[in-house]
Amino acid sequence: VDVLPMSDVTDLSAYSAVVAGSAIRGGVWLPEAMEFVTSHKTALAQRPFAPFLVCITMSMKNENYRRGVAEWLKPVTKLVSPVSEGYFAGALDFDKLPWSFSTLGLRIAVGLGFWTSGDHRDWEAIRAWARSTAPKLQAGQAALRH
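About the thresholds
Residues numbered from 1 in each chain as written. Predicted model: local features only at pLDDT ≥ 70, side-chain atom pairs only at ≥ 80, totals over all residues. Heavy atoms only, no water. Pairing = 2+ DSSP bridges. Helix = DSSP H or I, 4+ residues; strand = E, 2+ residues; numbered from the N terminus. Core = buried A, V, L, I, M, F, W, Y, C linked by side-chain atoms within 4.5 Å. Buried < 20%, exposed > 50% of the residue type's maximum accessible area, 1.4 Å probe, protein only.

Novice: I'd like a rundown of the pairing of strand β1 (residues 18-25), residues and numbers included.
Specialist: Here β1 runs beside strand β3 (residues 49-54); their pairing, made up of six bridges, is parallel. Pairing of A23 across the sheet is with V54, part of β3. Here β1 pairs with strand β2 (residues 28-29) via two bridges, running antiparallel. What sits directly across from I24, in β2, is W29. With antiparallel pairing between neighbouring strands as the criterion, β1 and β2 make up a hairpin whose turn holds two residues, including G26 at a positive phi of roughly 65°.

Structure, rendered in structure tokens:
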């Protein structure tokens with residue numbers, strides 16, 4: 001397993017499966033993550049692929065909001081059919097975010113109580129997804145060989 005920034009990956013031929021993820025900003029994967037999927041679409045379609053996203057919306061208690069997050073992965077899954085999809089809460093650290101209109105919106109949402117800042121990652125949920133995804137990646141590799 002190699003863990004690499006997407007921008008460092010130029011060739012997928014050495015990999016039998018790919019797991020790729022992105023934070024969400026404004027309801028979409030980060031531009032560099034979408035560029036990775038777009039530029040490697042053919043290679044990704046030839047091997048098992050499991051995308052995931054990380055966003056603060058997944059920390060909300062309201063299931064309607066949480067279900068809506070699946071829409072944000074559709075631009076990725078329209079390009080490459082996944083064997084598994086992961087949806088995880090992230091961390092909201094205003095010290096690491098630039099001042100912008102969208103971060104101002106996040107600050108207002110935190111002030112209104114929609115979210116709380118801090119680390120909302122559920123490492124056990126992430127591990128459980130990884131454990132459940134591994135056999136799907138392996139089965140996909142076997143199916144592609146035949």
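There's more to say after this.
Novice: Tell me about the pairing of β3, and please be specific about residues and values.
Specialist: Inspection of the sheet shows β3 paired to strand β4 (residues 86-88) by three bridges, in the parallel sense. Across the sheet, L53 pairs through a bridge with Y87, a residue of β4.

Novice: Which residues make up the nonpolar core, and what values do they have?
Specialist: Ranked by size, the top nonpolar core spans 21 residues in total, and within it W29, F36, V37, L44 and F49 carry the most contacts. Elements with a minimum of two residues in this core: β1, α1 (31-39) and β3. Of all the elements, α1 adds the most residues to this core, at four residues. Ranked by size, the runner-up nonpolar core spans eight residues in total, among them M60, L97, L106 and A109.

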